[in-house]
Amino acid sequence: MRKQRVLVLVHTSLVPPATLDGHTQKEIDEWRTEYDVVAELKAAGHEVQILGVLDSLTELRAALLDNRPDVVFNLLEEFNGIVTYDQHVVAFLELMRQPYTGCNPRGLLLARDKVLCKQVLAYHRLPTPQFAVFRRGQQFRLPRRLKFPLFVKSATEDASLGIAQASVVDDAARLRERVEFMHEQIGSDALVEEYIEGRELYVGVLGNERLTRLPVWQMKFGSMPDSLPAIATRKVKWDRRYQQKYGISTEAAHDLEPPVLAALDRLSRRIYRSLGLSGYARMDFRVNAKGEVYVLEANANPNVAQGEDFAQSALASGVGYDELLERIMALGLSYQAEWRAYYG
């Protein structure tokens, strides 16, 4: 790829410094992704500008008009603190006829809204746990079709916000308590689904029209007590001390039976197309002891830090971090947004 003018879009609080020197590991963890992407793009010789966005698009519009970037590398995961609003920023980029990396607005809408996502998956007969939505302000009623144990999570938040060991419940009283926690403490509707005990697998996909599936990755829960449900809580995902204490890690899933691997490949592609995703995404699955595969959710624009699952999965397929970012940009530059039909 020729050298590009790249505008890297990040949250205002995550604008990375020029160097890691003098920063604690805790500080680095906050903006690790942003630092890795910017550093790699600069090392590859691209002309890189960084823009922090909080609650206004004025500066973004000015940067697009003044600097005319070839592509926007989109690392935003929210707008003004609202996770589901990142789609509107991407829609603004399309209105400005600006190529960008990652998922299109419609795909973001469907993937970010976990309830809508589940409904689309169910419509396409994709295997997903039985679920129900408990909306704020509505009377608590337990649907008869749901069977305990149940798993309670936010209908909109990501990064495992609000997910803890208490998220898996065995009776109606604990379910009510966790739903109320989601309503009052997290401030979102509660998505409740049947808990699938088994292996947690992640499948990365790259592409717009033609799709590339990356090697299957697995969450290893280490020496966590058997009395605790093996779920990706906020501590499991982000707390380094907790990970070290129990030996929690992610790694390539080498021992999958051929029928399971074939199902993961087929389902990943169907999910990607059913939700209208583009750029890159990661699908989360559970596989039970019988080898039955269940779709948990689809993550558009997953974390692309160099040491995270997506990049490590790409590396396992022979795609280094520099090539991965180049591919992501190439997909953004080639994505056929609606404006291209009118303006070329």
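Further up the page is the structure itself.
Now for a look at the structure at hand. (Residues numbered from 1 in each chain as written. Predicted model: local features only at pLDDT ≥ 70, side-chain atom pairs only at ≥ 80, totals over all residues. Heavy atoms only, no water.)

1. Brief notes about the overall build of the protein
Counted only if it meets this: Put simply, DSSP marks the helices as runs of H or I at least four residues long and the strands as runs of E at least two long, and each gets a number from the N terminus on. For the radius of gyration, the atom set is restricted to C-alpha positions; the globular benchmark scales as 2.2 Å times the number of residues to the power 0.38. In this scheme, a residue with accessible area under 20% of its type's maximum is buried, one over 50% is exposed, and one in between is partly exposed, where area comes from a 1.4 Å probe on protein chains only. Throughout, the Shrake-Rupley method with a 1.4 Å probe supplies accessible areas, and for residues the shown protein chains are the sole cover considered. Counted as positive: Lys and Arg. Counted as negative: Asp and Glu. His and the chain ends are not counted at all. Lysine's charge is taken at NZ, arginine's at CZ, aspartate's at CG and glutamate's at CD.
The helix and strand inventory of the protein stands at 13 helices and 13 strands. For 344 residues, the compact-globule estimate of 2.2 N^0.38 gives 20 Å, and the C-alpha radius of gyration of the protein, at 20 Å, lies within 12% of that figure. By its C-alpha atoms, the protein is 60 × 40 × 40 Å across when sized along the principal axes. Here the protein holds 344 residues, and the buried ones make up 51% of them. Element-wise, carbon and sulfur atoms account for 47% of the exposed surface of the protein, whose accessible area totals about 17,000 Å². Averaging the locations of the 43 positively and 45 negatively charged side chains of the protein gives two centres separated by 5 Å.

2. Let's talk about the sheet that holds strand E4 (residues 131-134)
Pairing between the strands of a sheet is mediated by backbone hydrogen bonds and can be parallel or antiparallel. What counts, and what does not: Each pair of strands is called paired provided DSSP finds at least two bridges between the two strands. The contact rule is simple, with two residues in contact once any of their heavy atoms fall within 4.5 Å. Helix axes are fitted only over the stretch in contact, all axes being lines through C-alpha atoms; the angle between N-to-C directions runs from 0 to 180 degrees.
One open sheet holds the four strands; their spatial order is E4-E7-E5-E6, and the pairing between them is antiparallel. Strand pairing shows two members of the sheet lacking a second neighbour, E4 and strand E6 (168-169), which therefore form its edges. Pairing of strand E5 (residues 150-154) with strand E7 (residues 190-194), which is carried by five bridges, proceeds in the antiparallel orientation. When the sheet's bridge partners are listed, Lys-153 is paired in E7 with Leu-191. Of the strands in this sheet, E4, E5 and E7 touch helix H6 (residues 114-123), which is tilted by about 40° from E7. In this fold helix H7 (residues 172-186) packs onto E4, E5, E6 and E7, with an angle of close to 5° to the strand it touches most, E5.

3. Remarks on the packing of aromatic side chains
This is how the line gets drawn: By convention, a stacked pair of Phe, Tyr or Trp rings (six-membered ring in the case of Trp) has centres within 6.5 Å and planes under 30 degrees apart, an edge-to-face pair has planes over 60 apart, and any other such pair is tilted.
Overall, the coordinates contain five aromatic pairs when judged by the stated rule. Taking the centre distance of 6.2 Å and the plane angle of 55° together, the rings of Trp-31 and Tyr-35 count as tilted. Of the two residues, Trp-31 and Tyr-35, neither departs from the other in class, the shared state being buried.

4. Observations regarding the nonpolar core
Nonpolar side chains in soluble globular proteins tend to be buried together. Short version of the rule: The set of buried Ala, Val, Leu, Ile, Met, Phe, Trp, Tyr and Cys residues whose side-chain atoms join them within 4.5 Å is what this entry labels a nonpolar core.
Core analysis: the biggest nonpolar cluster contains 46 residues, and Leu-60, Leu-264, Ile-271, Leu-277, Met-283 and Phe-285 have the highest contact counts within it. The dominant element in this core, judged by the number of residues it contributes, is helix H10 (residues 258-274), at six residues. If we ignore the near neighbours within four places in the chain, the residues touching Phe-285 are Arg-199, Glu-200, Leu-201, Val-203, Leu-264, Leu-267, Ser-268, Ile-271, Val-293, Tyr-294, Val-295 and Leu-296. With 24 residues, the next largest nonpolar core counts Val-10, Leu-206, Leu-324 and Ile-328 among its residues.

5. Quick look at the sheet that holds strand E3 (residues 71-74)
Reading across from one edge, E2-E1-E3 is the order of the three strands in this open sheet, with parallel pairing throughout. Single-partner strands in this sheet number two, and they are strand E2 (47-53) and E3. Strand-to-strand twist of the sheet, defined as the mean angle between neighbouring strand axes without regard to direction, takes the value 25°. Bridging between strand E1 (residues 5-11) and E3 involves four bridges; their strand directions are parallel. Residue Leu-9 lies in a different strand from E3, and its bridge partner there is Asn-74. Strands in contact with helix H12 (residues 321-334) are E1 and E3; relative to E3, the strand with the most contacts, it is inclined by about 125°.

6. Some details on unusual backbone geometry
The peptide bond linking Phe-148 to Pro-149 adopts the cis configuration, its omega dihedral lying at 0°. Checked against the element boundaries, Pro-149 lands in the loop between E4 and E5. Notably, Arg-97 is not glycine yet its phi reads approximately 55°, a positive angle. The residue Arg-97 is located in the loop between helix H4 (86-95) and helix H5 (105-112) in this model.

7. Things to note about the side chain of Gln-98
What counts, and what does not: As used in this structure description, the phrase polar contact means that two N or O atoms lie within 3.5 Å; if the pair is within protein, one of them must be able to donate a hydrogen and the other to accept it, and residues adjacent in sequence are counted only when both atoms belong to side chains.
Structurally, Gln-98 is set in the loop between H4 and H5. Within polar-contact distance, the side chain of Gln-98 engages the backbone oxygen of Pro-69 at 3.3 Å. Residues within four places of Gln-98 in sequence aside, it is in contact with Leu-64, Pro-69, Asp-70, Val-71, Val-72, Leu-93 and Trp-339.

8. A look at the state of the cysteines
Formally, a disulfide is one covalent bond, and it connects the sulfur atom of one cysteine to the sulfur atom of another. Stated precisely, the cut-off is as follows: Cysteine sulfurs are considered disulfide-paired once they come within 2.5 Å of each other.
With the rule as written, the count across this model stands at zero disulfides. This cysteine, Cys-117, is not joined by any disulfide, and Cys-103 carries the nearest cysteine sulfur, 11 Å off. Overall, Cys-117 belongs to the buried group, its relative accessible area being 3%.

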